Amino acid sequence: MSSEATTGAVTSGRPHRSRDGWRQWAEIAFFVTPALALMALFVAWPILTAARFSLYDWKGLGPLDDFVGFENYAEVLADSVFRDAVAHNMIIVVGSIIVQLPLGVAIALLLNRKMAGQGVLRTLIFVPYVLAEVIAGVIWFQLLQPQYGLVDALMNGIGLSPPEEGWLGTPEVALWVVLAVLTWKYLGLAVLLFLAGLQGVSEELYEAAQLDGASWWQTQWRISIPLLGPTIRTWCFLSMIGSIQCFDMIWVLTGGGPADATTTMATYLIDEGTNRHNYGIAGAASVVLFAIAFVMALVYQLVVLRRDTKEEAA
């Protein structure tokens, strides 16, 4: 083939590749633009608005003209109620993982076996998670009421004395009761994710372990749980972020009380903004909440989830 023909072929191929490239970028933009628009509208814009409010002493009426700079942040960080709220969030984060992780893994391993009524048991475990937080909160609020609540009636029936001020009215036990309700509510998600992870374990590994004489418990400990590692780490991340942002259930159950014993960062900023009309303080608290969640997510990504990324790349 002559050089002119070769040059012509190369030249004629360039516009075709160029058109394919523009078509790919157009397809990407078509599918990504709606998601980016929603992110900008419901995530980026509220964050920027809250950051703007946090720089003013604003009660919700009139223009933003009383600029105070970072005074709202100093007031929030100096507030003992907010510091206690951060501590309560951390207790919920650690407590949720410590309690739900072993329970979720154990239940998932049991439900992964063939047994009678397996479908019914899976449904019963998952039903609390699909209930709306407000509905679940109202149900437990009624169950935990002193004197006429079902929990107090059962305890009185077996000869035990419930707290005089009620489970949700006693500062020493209220946070732990809330943690127990949160465990009941979100355990189903952990079980569902772990069951999905177990479905990806090859049956050949179990058969090989049985041929080697391994018991059921040894098989789960040596094969199932290690291969469930990526799913467990992903669930821990979701549980951590959800615990930091926890609001609905606590607001319905206790409203942050009694005596701020169950206040979280989310209930603190809602109380300051909605009830006290301190929108500058609420904005500063929301920015601090976002910063804490972002830093924790980033550290978890770099320290824990990075391992899974390296394994996938390898």
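About the thresholds
Residues numbered from 1 in each chain as written. Predicted model: local features only at pLDDT ≥ 70, side-chain atom pairs only at ≥ 80, totals over all residues. Heavy atoms only, no water. Salt bridge = Lys/Arg side-chain N within 4 Å of Asp/Glu carboxyl O. Helix = DSSP H or I, 4+ residues; strand = E, 2+ residues; numbered from the N terminus. Buried < 20%, exposed > 50% of the residue type's maximum accessible area, 1.4 Å probe, protein only. Expected span 1.5 Å × (residues − 1). Arc of directions from axis to C-beta. Contact = heavy atoms within 4.5 Å. Disulfide = S-S within 2.5 Å. Phe/Tyr/Trp six-rings, centres within 6.5 Å; stacked < 30°, edge-to-face > 60°. Lys NZ or Arg CZ within 6 Å of the ring centre and 35° of its normal.

## What about the pattern of salt bridges?
Here is step 1 of the chain: Going through the model one piece at a time under the given rule, you end up with 3 salt bridges.
Here is step 2 of the chain: Put simply, Lys 185 and Glu 133 hold a salt bridge, and the shortest N to O gap is 3.9 Å. Residue Lys 185 is located in helix H7 (residues 171-199), and its partner Glu 133 is located in helix H5 (residues 133-143); the two are separated by 52 residues in the primary sequence.
Here is step 3 of the chain: On the basis of relative accessibility, which here comes to 0%, the residue Lys 185 falls in the buried class.
Here is step 4 of the chain: Ionic contacts of the salt-bridge type, sharing partners, join the residues Asp 271, Glu 272 and Arg 276 into one network.

## Let's talk about helix H9 (residues 216-227)
Here is step 1 of the chain: Across its 12 residues, H9 extends 16 Å between first and last C-alpha, which sits within 8% of the 16 Å expected from 1.5 Å per residue.
Here is step 2 of the chain: Those residues of H9 lying buried are Thr 219, Gln 220, Ile 223 and Ser 224. Seen end-on, H9 carries its buried residues on one side only, within an arc spanning 120°. In H9, the exposed positions that point more than 90 degrees away from the buried face belong to Trp 217, Trp 221 and Arg 222.
Here is step 3 of the chain: The elements touched by buried residues of H9 are helix H3 (80-111), H7 and helix H8 (203-211).

## Considerations on the state of the cysteines
Here is step 1 of the chain: This model, assessed by the stated rule, comprises 0 disulfides.
Here is step 2 of the chain: Here Cys 246 stays unpaired: no disulfide links it, and the sulfur of Cys 236, its closest cysteine neighbor, is 17 Å away.

## Some remarks on the packing of aromatic side chains
Here is step 1 of the chain: This model, assessed by the stated rule, comprises 13 aromatic pairs.
Here is step 2 of the chain: Consider the rings of Phe 237 and Tyr 300, whose centres lie 5.7 Å apart with planes at 35°: the pair is tilted. Highlighted residues: Phe 237 in helix H10 (residues 229-244) and Tyr 300 in helix H13 (residues 279-313), separated in sequence by 63 residues.
Here is step 3 of the chain: Since its relative accessible area comes to 21%, Phe 237 is described here as partly exposed.
Here is step 4 of the chain: Every member of this aromatic cluster is reached through a ring pair, and the members are Phe 53, Trp 58 and Tyr 279.
Here is step 5 of the chain: The cationic tip of Lys 185 hangs over the ring face of Tyr 186; the distance from NZ or CZ to the ring centre is 4.9 Å.

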